Amino acid sequence: MSQAQLKQVEAVRRVDEDEKRPSSDHADHDGGHEHEHALNWREVNRVLFVAAAAAAIWFLGGARNPYVTGIGVICAIVGGFPIFHEAYENIVQRRMTMELSMAIAIVAALAIREIFTALVITLFVLVAEILEGLTVGRGRTAIRHLVGLLPTTATVRRNESWQDVETKEIAVGDIVLVKPGTRIPVDGVVVGGHSFVDQATITGESMPAEKIRGTSVYAGTINQSGALEIQVDRMGRDTTFGKIIDAVERAEKSRAPIQGIADRLAGYLVYFALGAAALTFVITDNMRSTISVVIVAGACGIAAGTPLAILGGIGRSAQLGSIIKGGLYLESLATIDTILLDKTGTLTYGTPGVVDVRPADGVPVASLLQAAVTAESRSEHPVAKAILKKASNMGISGEEPERFDYTPGKGIVTACRGMEIIVGNRLLLEGHRVELPINTVSQTDSEIFVAQEGKFLGTLVVADTLRPEATKAIQDLKSMGLKTVLLTGDSKIAAELLPEDKLAFVSRLTATRHNVVMVGDGVNDAPALMKATVGIAMGAGTDVARESANVVLIGNDLSKLVETLSIARCCRRTIMQNFVGTLVVDSIGVGLAAFGFLNPLLAAFIHVSSEMTFILNSARLLPPVSSALGLVRGLFSQSSTVAQD
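Predicted model only: the values in this text are computed from it and were never measured.

Asks: In this structure, what is going on with the packing of aromatic side chains? I would like to understand it.
Replies: To describe a pair of aromatic rings, one takes the distance between the centres and the angle between the planes. Under the definition given, this model contains 2 aromatic pairs. For the pair Trp58 and Phe116, a centre-to-centre distance of 5.1 Å together with 45° between the ring planes defines the contact as tilted. With a gap of 58 residues between them, Trp58 in helix α4 (residues 41-60) and Phe116 in helix α8 (residues 115-136) connect regions that are remote in the sequence. A relative accessible area of 57% places Trp58 in the exposed class. For Phe116, a relative accessible area of 23% gives the class partly exposed. Measuring from ring centre to ring centre gives 6.3 Å for Phe449 and Phe456, while their planes differ by 45°; the resulting arrangement is tilted. Exposure class is identical for Phe449 and Phe456. Each is buried.

Asks: Please clarify how the pattern of salt bridges should be interpreted in this entry.
Replies: Under the definition given, this model contains 13 salt bridges. Arg378 serves as the salt-bridge partner of Glu400, at 3.0 Å between the closest nitrogen and oxygen. One end of the pair, Glu400, is in the loop between α19 (382-393) and β13 (403-407); the other, Arg378, is in the loop between α18 (365-376) and α19, with 22 residues separating them in the sequence. On the accessibility criterion, Glu400 (55% relative accessible area) is exposed. Between Glu399 and Arg417 there is a salt bridge, and its shortest N-O distance comes to 3.2 Å. In this pair, Glu399 is assigned in the loop between α19 and β13 and Arg417 in the loop between β14 (411-416) and β15 (419-424), connecting sequence segments 18 residues apart. What you see here is one network of salt bridges that share partners, running through Asp356, Arg358 and Glu447.

Asks: How do you make sense of the sheet that holds strand β7 (residues 216-217) when you look at a structure like this?
Replies: The strands that make up a sheet are held in pairs by hydrogen bonds between backbone atoms, and each pair lies either parallel or antiparallel. Read across the sheet, 6 strands follow the order β2-β1-β3-β9-β4-β7 without closing on themselves; strand pairing throughout is antiparallel. In this open sheet, the two strands that pair with only one neighbour each are β2 (161-166) and β7. Taken together, the 4 bridges between strand β3 (residues 175-178) and strand β9 (residues 228-234) define a ladder with antiparallel strand orientation. For Ile175, the partnering residue across the bridge sits in β9 and is Gln231.

What counts and how
Residues numbered from 1 in each chain as written. Predicted model: local features only at pLDDT ≥ 70, side-chain atom pairs only at ≥ 80, totals over all residues. Heavy atoms only, no water. Phe/Tyr/Trp six-rings, centres within 6.5 Å; stacked < 30°, edge-to-face > 60°. Helix = DSSP H or I, 4+ residues; strand = E, 2+ residues; numbered from the N terminus. Buried < 20%, exposed > 50% of the residue type's maximum accessible area, 1.4 Å probe, protein only. Salt bridge = Lys/Arg side-chain N within 4 Å of Asp/Glu carboxyl O. Pairing = 2+ DSSP bridges.

Here you go:
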């Protein structure tokens, strides 16, 4: 690889120490490296120059004419200057790279008057470097285009009028007007208007979501129909969309442990090639075979392909709405054997609802709900809200109670039109001498008993609502050979796990060398999230959970966890394919070259072909960025209307 392209790979591998810098700094940084991502015409001209020189030597017969030979040597030195320059820097830095071995091979070919061979080897190396540079640069190019998707101006209400201002001038609490067909510039809450928003960039949902007063909207999504007035909650890099950009940028520069293995393996392959070449020369005294041995071995497919695969895996995960905060965690996800799931907010929505109404014999459902609503009308308890919502959906309303007595942990005693109404647990009703049928003994902590004037009316079963995708996600995880464990602390019957209990449970598993994923959303999950091999937070969870986690699932869809694990396994499988493939090709190639079955030209062709095969194998994981539309479709699965925005 050329020096500029080597810097690209190193940038992909480097841990970003300034990951919190403002977006303008990011833009400046990327802009300063524009030449690293675009097609470098100086390199193209150098390739054309070397190709013309090789063709001339072929037709003029360089080996027979000393003047032509001299010109060929000069052309090889001039055309191969980047290779020799990098080889010199590697010697100074005491680094063993494939470029150094290729420089040795070119010099050796020139020394034995194989001018045409030297020029062709130089040509192959230069072409390979251009292709590698274009491939490796795709990930960072995607980020630059991604940053450009956010609007730079917005219409804001100022002094009772609407004004167009730059987005950096928007403050939290401002009211922003978003017209139909434009992109939403901030995260916020709708305070006026009605519309449908394409938010596939954030949630992955293919159908537009209806937005009315009180609903949340995300930056980077598309307002499709009506105008919306949005109160600003977060802007720029603090928005959900901005955090996606930050995560991909950090991941681009993060370094996974397997990359260290790739670097060491690449170095060992170079030593192996040089050692095999020396042995070949000692045994055969054949310089052409010796040069072929040096040329045929290639390790750039590993050195460049590994970080490329990791970057691609993280980009694909972001496309699905799963934000991985670094290559280390992507690699760890591929080796997970146990999934720990917090129930509330992860498998469920975290809000109670009435799932069953069980009136006593001879009692109408309406009478049961009316009594319950009357008692709960003054309560702020989540269970009370669930009962009121259920009654409202059924068109049942209560009355204003004359008195209201609430006993924490038991329930409510109230009176309406002189009649006493009791709503609470079984112990509360028994304490008021309400006779309960035997079959009403509660089996859970979510069964609410209702009585009026000492008569038992029935029960309401209140439970957290299971997310519709949760059941299939659990089944898919088990089909992947993963053990799933439910951790919860919301009732005695379930598990009664406190935060320290969850942490201790995770610690026991990790101490026995289990690779554990902890999935949660609350403050009480934060210690376990940090202790697990990989902590995964639901996007709607608390800030503490999201900051403690190594992965954040945007949109709270648990099925994204399954897809993310699949991507991680695919990434690891791709890297191992590159490892094994490189070892096999190099071993066979060196053997054939040592016994004289490969000439230097064929060895160079095998080297470049295998190298590009493994790099392109890694590039399969990269989101397509051939155009703005391709970027949107590939990185965030957005609709084609984005390209027209």
